[in-house]
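So the chains spell out like this:
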Amino acid sequence: GAGVSQSPSNKVTEKGKDVELRCDPISGHTALYWYRQSLGQGLEFLIYFQGNSAPDKSGLPSDRFSAERTGGSVSTLTIQRTQQEDSAVYLCASSLSTSINGYTFGSGTRLTVV
Amino acid sequence: AQSVSQHNHHVILSEAASLELGCNYSYGGTVNLFWYVQYPGQHLQLLLKYFSGDPLVKGIKGFEAEFIKSKFSFNLRKPSVQWSDTAEYFCAARLNTDKLIFGTGTRLQVFP
């Protein structure tokens, strides 16, 4: 597609439920990144996929968070047993091969845990 | 630890005022630096980037930034702001890995 597409745009879930957030990167972009944007916290790196390499999971805040990227394209970020502190905007970005020219961001998924 | 700092959290200006937003990073090696802008209700967009060469980088909408290696800084400037520049501005750095590290952002409000 023309841009990075994320779905859903908004998600309200009850504490303790699992959620899945989807990212469809720009066609041909081999690198895909997930960030979390919380009020006053800036953008917090979560996970990075590059081609067929093992993902860089160093930013995942707990083992409740996981992500996969199937077929080198679409990625799903899963949060299990959601907590209120997981409420944030989850941003996906992609780049052609490396981040040397920066990323293209999606519009994000606003997650609210009640 | 590698980090990016933005010292101005909230800046309020009148139209036509000059703007300078601070950004510092902590890393002694080669860096690529970026400024992103997020207009209200919109996604993050790249404003400008420093790759190498001329340390004064010009971006879209009249913005520029200067890379000063000795100060580990990459401040964003605009000589005369407009109401439409109201947005949140994020500085980011690509350090020794292929992911960007972002600052906490600066919220700019411009009043007519």
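Our structure is the block above this text.
Note that the coordinates shown come from a computational prediction; the quantities given were computed from them, not determined experimentally.

**Here we look at the side chain of Lys99(B)**
At step 1: Along the polypeptide, Lys99(B) turns up in the loop between strand S10 (87-94) and strand S11 (100-102).
At step 2: Assessed through its relative accessible area of 13%, Lys99(B) is described here as buried.
At step 3: In terms of polar contacts, Lys99(B) uses its side chain to reach the side chain of Asp56(A), at 2.9 Å.
At step 4: Setting aside its immediate chain neighbours within four residues, Lys99(B) contacts Tyr33(A), Tyr35(A), Phe45(A), Asp56(A), Ser58(A), Ser99(A), Tyr103(A), Ala93(B) and Arg94(B).

**Side note on the layout of surface pockets**
At step 1: Considering only enclosed or pocket space, the largest pocket measures out at about 750 Å³ in volume.
At step 2: Contributing to the lining of the largest pocket are 33 residues, with Gln37(A), Leu39(A), Arg110(A), Gln38(B) and Glu88(B) lying nearest its centre.
At step 3: Those elements that provide at least two residues to the lining of the largest pocket are strand S4 (31-38), strand S8 (88-95) and strand S10 (109-113) of chain A together with S10 and strand S12 (106-111) of chain B.
At step 4: Here the lining of the largest pocket gets four residues from one element, more than from any other, and that element is S10(A).

**Let's talk about the sheet that holds strand S1 (residues 5-7) of chain A**
Residues and elements named next belong to chain A.
At step 1: The strand order across the open sheet built from four strands is S1-S3-S7-S6, with neighbouring strands paired in antiparallel fashion. Edge positions in the open sheet fall to S1 and strand S6 (65-69), since each of these has one partner strand only. On average, each strand axis in the sheet is inclined to that of its neighbour by 15°, with strand direction left out of account.
At step 2: Both strand S3 (residues 19-24) and strand S7 (residues 75-79) contribute to a ladder of five bridges, which runs antiparallel. What sits directly across from Glu20, in S7, is Thr78.

**A word on unusual backbone geometry**
At step 1: The amide bond that connects Ser7(A) to the next residue, Pro8(A), takes the cis arrangement and shows omega of -10°.
At step 2: Along the chain, Pro8(A) falls in the loop between S1 and strand S2 (10-13).
At step 3: Of note in this structure, Arg81(A) is not a glycine but carries a positive phi near 45°.
At step 4: Its relative accessible area of 41% is what places Arg81(A) among the partly exposed residues.
At step 5: Of note, Lys61(B) is a non-glycine position whose phi angle comes to about 60°, a positive value.

**Observations concerning the pairing of strand S5 (residues 42-50) of chain A**
All names here are of chain A.
At step 1: Buried residues dominate S5, accounting for seven of its nine residues.
At step 2: In this sheet, S5 lies alongside S4 in antiparallel orientation, the contact comprising eight bridges. The residue of S5 that forms the bridge with Tyr33 is Tyr48.
At step 3: Counting the residues between successive antiparallel strands, the hairpin from S4 to S5 contains three residues, one of them, Gly40, with a positive phi of roughly 75°.

Calculation notes
- The numbering scheme is per chain: residues are counted from 1 as the chain's sequence reads.
- Chain A is the first chain written and ligand 1 is the first ligand written, with later ones labelled in order.
- The model is predicted, so local features are restricted to residues of pLDDT at least 70 and side-chain atom pairs to those at 80 or more, both for listing and for counting; the totals for chains, interfaces and linings are taken over all residues.
- Side-chain metrics rest on all non-hydrogen atoms present in the structure, leaving aside hydrogens and water.
- Note on conventions: DSSP H or I runs of at least 4 residues are helices, E runs of at least 2 residues are strands, and numbering of each starts at the N terminus.
- The rule is simple: take the accessible area with a 1.4 Å probe, protein chains only, and divide by the maximum for that residue type; under 20% is buried, over 50% is exposed, in between is partly exposed.
- Two N or O atoms form a polar contact when they lie within 3.5 Å of each other; inside protein one atom must be a possible hydrogen donor and the other a possible acceptor, and for residues adjacent in sequence the pair counts only when both atoms belong to side chains.
- Should any heavy atoms of two residues lie within 4.5 Å, those residues are counted as being in contact.
- With a 1 Å grid laid over protein atoms only, a set of points is called a cavity when a 1.4 Å probe fits there but cannot get out and a pocket when it is open yet has protein on both sides within 12 Å along at least five of seven lines; lining residues have an atom within 4 Å of a point.
- Grid points are joined across faces, edges and corners, and a volume is the space filled by probe spheres set on the points.
- Strands pair, by our definition, only if DSSP identifies at least two bridges between them.
- Note on geometry: axes are lines fitted to C-alpha atoms, helical ones only across the stretch in contact, with angles between N-to-C directions running from 0 to 180 degrees.

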